[in-house]
Amino acid sequence: MALRHLAAQAGLPLGAAVAAEPLRRDPAYRALLAREFGMVTCENAMKWGPIHPALRTWAFRDADAIVRFATRHAMAVRGHTLVWHSQQPRWLEHGSWSRPALTRVLRAHIATLVGRYRGRIGAWDVVNEAVNDDGTPRPTFWRRVLGPKYLDLAFHAAHRADPKARLFYNDYNAEALGEKSDAILRLVDGMRHRGVPVHGIGLQAHLLLGDLPDFKSVAANITRIAARGLTVQITELDIRIRRPVTAAKLRAQADAYLALAETCLASGACTAFVTWGATDKSSWVPGFFKGYDDALLFDRACRPKPAARSLAEVFNRQV
Ligand code: G3I
């Protein structure tokens, strides 16, 4: 049975980040996605730069194509992302903004984007990566112009645009207990205390074989998030391997995928398990980390790797 069905039966929907390019051009990629994954995230297509290239210009083509594909194949959709410091269009980042003007632009952006897909996107990464690794706030464009309240503003706007969507704060290096995950919890606790509609924390999980987090500590982190009534989603999972990639490293990678899936399943608090790409051919990893590769579940020819088989095993065990 395909992974997406095993995952669904186990109660942990399996997803993948989708790139518009291969979706358009590569039938094998489309077939793999529809068969093996029950959820998609737009890898880039819904970010400010690609989708809102000028103040009065929207470019919905890629995002629409991905959402249409998901609907046609009964896949859920995660929206990514409404506020981030990266991939911003020049007009936004290099504009000279007063606080009220930027507030209006941010509210309008969120109303248009979230509103367009209302009812079709179940979860949004509203704010992405606003915390540094040492737990201090990241000094982003948004924070510089709007002050720390920009987070509240974004969540309120997203909630107004789609009251049923679940709204997430999403970040990396915050899977286990530590300074960063502590700071994120404080941030989210603060928002909830102020009545801000935030429903969950996205743990990206861009992991490195050989320097994996302690999965007991990940379990403890998920437990404390869940204890607050918040949902957890694994939002951008990949486990990169330092070249040369060997059979032993692929087995170790499979064990790590399995350990994270088991941790999620045991917690009862995870509602998605999304890998950052579907195959090693379309992964961001080799382009960004020289000397690293092979981070995903399927190889360049769309064949399942040991990690895909170990996930099938752990999902099967739940049924
Ligand atoms: O679309 C243009 C294309 O027109 C141009 O010819 C080409 C030349 O470089 O660039 C293309 O854009 C690139 C885009 O990926 C699509 O391939 C951007 O340069 C490149 O910066 C962009 O990288 C993305 C990265 O975010 C941006 O920081 C990665 O694909 C994407 O996987 C990555 O995703 C992020 C998550 O959103 C947040 N968490 C971390 C994660 C990994 O960095």
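All of the points below concern the structure found in this document.

Side note on the overall build of the protein chain
Turning to step 1, where the next piece is worked out: From N to C terminus, the protein chain includes 14 helices and 10 strands.
Turning to step 2, where the next piece is worked out: Over its C-alpha trace the protein chain gives a radius of gyration of 19 Å, about what one expects of a compact globule, namely 20 Å for 319 residues.
Turning to step 3, where the next piece is worked out: For the protein chain, the spread of C-alpha atoms along the principal axes amounts to about 55 × 40 × 35 Å.
Turning to step 4, where the next piece is worked out: Among the 319 residues that make up the protein chain, the fraction classed as buried is 57%.
Turning to step 5, where the next piece is worked out: The long-range share in the protein chain, meaning contacts at least 24 apart out of those at least 6 apart in sequence, stands at 77%.

A few points about the packing of aromatic side chains
Turning to step 1, where the next piece is worked out: Within the structure shown, the criterion is met by 9 aromatic pairs.
Turning to step 2, where the next piece is worked out: Considering the side-chain rings of Trp48 and Trp91, the 6.0 Å spacing of their centres and the 50° angle between planes classify their relative orientation as tilted. Placement of Trp48 in helix 4 (residues 48–51) and of Trp91 in helix 6 (residues 90–93) is noted, with a sequence separation of 43 residues between them.
Turning to step 3, where the next piece is worked out: Classification of Trp91 as buried rests on a relative accessible area of 18%.
Turning to step 4, where the next piece is worked out: Ring geometry for Trp58 and Phe60: centres 5.1 Å apart, planes at 10°, overall stacked.
Turning to step 5, where the next piece is worked out: The exposure class of Trp58 is partly exposed, given its relative accessible area of 23%.
Turning to step 6, where the next piece is worked out: When the ring centre of Phe168 is taken as origin, the NZ or CZ atom of Arg78, which lies over that ring, is 5.2 Å away.

Quick notes on unusual backbone geometry
Turning to step 1, where the next piece is worked out: Of the consecutive residues His80 and Thr81, the connecting peptide bond is found in the cis state with omega at -5°.
Turning to step 2, where the next piece is worked out: Along the chain, Thr81 falls in strand 3 (residues 76–83).
Turning to step 3, where the next piece is worked out: The linkage connecting Arg243 with the following residue, Pro244, adopts the cis geometry, with an omega of 0°.
Turning to step 4, where the next piece is worked out: You can see Pro244 is positioned in the loop between strand 8 (231–242) and helix 12 (247–267).
Turning to step 5, where the next piece is worked out: Within the chain, Asn173 stands out as a residue other than glycine whose phi angle is a positive 55°.
Turning to step 6, where the next piece is worked out: Here Asn173 lies in the loop between strand 5 (166–171) and helix 10 (179–193).
Turning to step 7, where the next piece is worked out: Despite not being glycine, Asp294 has its phi angle at roughly 60°, a positive value.

With respect to the site of the ligand
Turning to step 1, where the next piece is worked out: Residues in close proximity to the ligand total 15 residues, the closest being Glu43, Lys47, His80, Glu129 and Glu236.
Turning to step 2, where the next piece is worked out: Between the ligand and Glu236, the relevant distance is 2.7 Å, taken from a nitrogen atom to a side-chain nitrogen or oxygen of the residue.
Turning to step 3, where the next piece is worked out: When the ligand is considered free in solution it has 800 Å² of accessible area, and contact with the protein chains removes 50% of it.

Topic: helix 7 (residues 99–116)
Because an α-helix completes one turn every 3.6 residues, residues spaced three or four positions apart along the sequence face the same direction.
Turning to step 1, where the next piece is worked out: Taking 1.5 Å per residue, 18 residues should reach 26 Å; helix 7 reaches 26 Å between its end C-alpha atoms and fits that length.
Turning to step 2, where the next piece is worked out: Buried residues along helix 7 sit against helix 4, strand 3, helix 6, strand 4 (123–128), helix 8 (141–146) and helix 9 (150–161).
Turning to step 3, where the next piece is worked out: Capping the start of helix 7 is the job of one residue whose side-chain oxygen sits 3.1 Å from the backbone nitrogen of Ala101: Ser98.

About the criteria used
Residues numbered from 1 in each chain as written. Predicted model: local features only at pLDDT ≥ 70, side-chain atom pairs only at ≥ 80, totals over all residues. Heavy atoms only, no water. Helix = DSSP H or I, 4+ residues; strand = E, 2+ residues; numbered from the N terminus. Rg over C-alpha atoms; globule rule 2.2 N^0.38 Å. Buried < 20%, exposed > 50% of the residue type's maximum accessible area, 1.4 Å probe, protein only. Contact = heavy atoms within 4.5 Å. Phe/Tyr/Trp six-rings, centres within 6.5 Å; stacked < 30°, edge-to-face > 60°. Lys NZ or Arg CZ within 6 Å of the ring centre and 35° of its normal. Near = heavy atom within 4 Å. Polar contact = N/O pair within 3.5 Å; in protein donor to acceptor, adjacent residues only side chain to side chain. Areas by Shrake-Rupley, 256 points an atom, 1.4 Å probe, with all protein chains shown as cover. Expected span 1.5 Å × (residues − 1).

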